[in-house]
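# Structural characterization, general
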Amino acid sequence: MAIFGIGGLGHRAQLHGGETVAVDVTDGKLALATDLGATHTVNAAAVDPVEAITALGGVDVAVVLAASPTVIEQAHRCLRRGGRLVLVSLPKDNAITLPVFETVLKGIRVLGSIVGTRADLAEVFRLHAAGRTRVVLQTRKAAPAGRAAATMAAWR
């Protein structure tokens, strides 16, 4: 599995015994993904993620958390025959281009996934209770959090 856009999901496949490729443009996030169990990391600012993942043999699943149409297209190109492209992010203007010919010939499935449901939360609690996750804590001053909340409110 490849995770494009590391945040809280970068180690998800490791919970189910999968091999994970973490893809991001920030070394700090890639280091966190490694710390949380990612098998491989790809810094897309330094190398072509399609070439890097293809060199590993491709992936069966690509989960896209980055809102860039380019990243979605890269994730699609990394898939093996019968692969699944899981879209979590919402790209600006709802604009992506996927090659229909390759999608059909390779039997690729494109799925949308909304995260953060009550069932998702219950699953996280079960995994944590089973000792399969751990908390990563960062202490921050309140002022930046207030600015972040104001920014989020402005996006509405």
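The sections below set out a description of the structure shown in this document. These figures come from a predicted structure and were not determined experimentally.

## A short note on the overall build of the chain
- A tally of regular secondary structure across the chain gives 7 helices and 6 strands.
- Starting at the N terminus and walking to the C terminus, you meet the elements of the chain as β-α-β-α-β-α-β-α-β-α-β-α-α.
- Buried residues in the chain amount to 29% of all 156 residues.
- Pairs at least 24 apart in sequence give 47% of the contacts found in the chain among residues at least 6 apart.
- Roughly 9900 Å² of accessible area belongs to the chain as shown, and the carbon and sulfur atoms make up 59% of that amount.

## Quick notes on the sheet that holds strand S1 (residues 2-4)
- Spatially, 6 strands are ordered S3-S2-S1-S4-S5-S6 in an open sheet, and the strand pairing comes out parallel. The strands lining the two open edges of the sheet, one partner per strand, are strand S3 (40-43) and strand S6 (109-112). The average undirected angle you get between the axes of adjacent strands in this sheet is 20°.
- Examined bridge by bridge, strand S4 (residues 59-64) and strand S5 (residues 79-87) share 5 bridges and lie parallel to one another. Note on S5: the bridge partner recorded for Val-61 is Arg-84.
- Running over the sheet, helix H4 (residues 69-77) touches S1, S4 and S5 and is turned about 150° from S5.

## Some thoughts on the environment of Val-61
- Within the fold, Val-61 resides in strand S4.
- When the C-alpha atoms of Val-61 and Thr-20 are compared, they prove to be 9.7 Å apart, with 41 residues separating the residues in sequence.
- Excluding anything up to four places from it in sequence, Val-61 contacts Met-1, Ala-2, Leu-79, Arg-84 and Val-86.

Cut-offs applied
Residues numbered from 1 in each chain as written. Predicted model: local features only at pLDDT ≥ 70, side-chain atom pairs only at ≥ 80, totals over all residues. Heavy atoms only, no water. Helix = DSSP H or I, 4+ residues; strand = E, 2+ residues; numbered from the N terminus. Buried < 20%, exposed > 50% of the residue type's maximum accessible area, 1.4 Å probe, protein only. Contact = heavy atoms within 4.5 Å. Areas by Shrake-Rupley, 256 points an atom, 1.4 Å probe, with all protein chains shown as cover. Pairing = 2+ DSSP bridges. Axes fitted to C-alpha atoms, helices over the stretch in contact; angles between N-to-C directions.

On their own, these measurements won't tell you what the molecule is for.
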